[in-house]
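What the coordinates show
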Amino acid sequence: MGVEQAPTAKGKQAAKGLKQAAAKDERKTEADTGRPLKKGGARFEERSKSSDGKSAGTKQKI
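Computed from a prediction, not measured in an experiment: that's the story for all the values here.

Below, the discussion takes up the overall build of the chain. What the chain contains, in helices and strands, is 3 helices and 0 strands. Moving toward the C terminus, one meets the helices and strands of the chain in the order α-α-α. Across the 62 residues of the chain, 11% fall into the buried class. Surface summary for the chain: the accessible area is close to 5200 Å², and the carbon and sulfur share equals 55%.

What follows covers the pattern of salt bridges. Summed over the entire model, instances satisfying the criterion amount to 3 salt bridges. Taking the shortest distance from any N to any O, the salt bridge between Lys28 and Asp32 comes out at 3.5 Å. One end of the pair, Lys28, and the other, Asp32, are both in helix 1 (residues 9-33), 4 residues apart, so they sit about a helical turn from each other. Its relative accessible area of 51% is what places Lys28 among the exposed residues. Taken together, the shared-partner salt bridges connect Glu26, Glu30 and Lys39 into one network.

The terminal C-alpha atoms of helix 1 lie 36 Å apart, and with 25 residues this matches the ideal 36 Å at 1.5 Å per residue to within 8%. Remark: Gly34 follows helix 1 within two positions and exhibits a positive phi of approximately 80°.

In this model, the chain carries an average pLDDT of 80, and 81% of its residues clear a pLDDT of 70 or more. Of all helices and strands in the chain, the one with the weakest mean pLDDT is helix 3 (residues 56-61) (69), whereas helix 1 scores best (89).

Okay, the environment of Glu26 next. With respect to the helices and strands, Glu26 occurs in helix 1. Separated by 10 residues in sequence, Glu26 and Pro36 have C-alpha atoms that sit 8.8 Å apart. Here Glu26 is in contact with Leu37, Lys39 and Arg43, once residues within four sequence places are set aside.

Basis of the calculations
- Residues numbered from 1 in each chain as written.
- Predicted model: local features only at pLDDT ≥ 70, side-chain atom pairs only at ≥ 80, totals over all residues.
- Heavy atoms only, no water.
- Helix = DSSP H or I, 4+ residues; strand = E, 2+ residues; numbered from the N terminus.
- Buried < 20%, exposed > 50% of the residue type's maximum accessible area, 1.4 Å probe, protein only.
- Areas by Shrake-Rupley, 256 points an atom, 1.4 Å probe, with all protein chains shown as cover.
- Salt bridge = Lys/Arg side-chain N within 4 Å of Asp/Glu carboxyl O.
- Expected span 1.5 Å × (residues − 1).
- pLDDT = per-residue confidence, 0-100.
- Contact = heavy atoms within 4.5 Å.

Dropping the structure here:
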């Protein structure tokens, strides 16, 4: 849920904190690997392959 979509002030604060934590973790990971993380569909495909070496499309066909 996005920060703007949260129905309560407490929910908006939690969403904002989660978004900031995710951005901080992403920056740390990029610094550790020395390259920027892929975004969007390319990132989904990269994460899917990292678990077992197969693409998401291949997994769905099984």
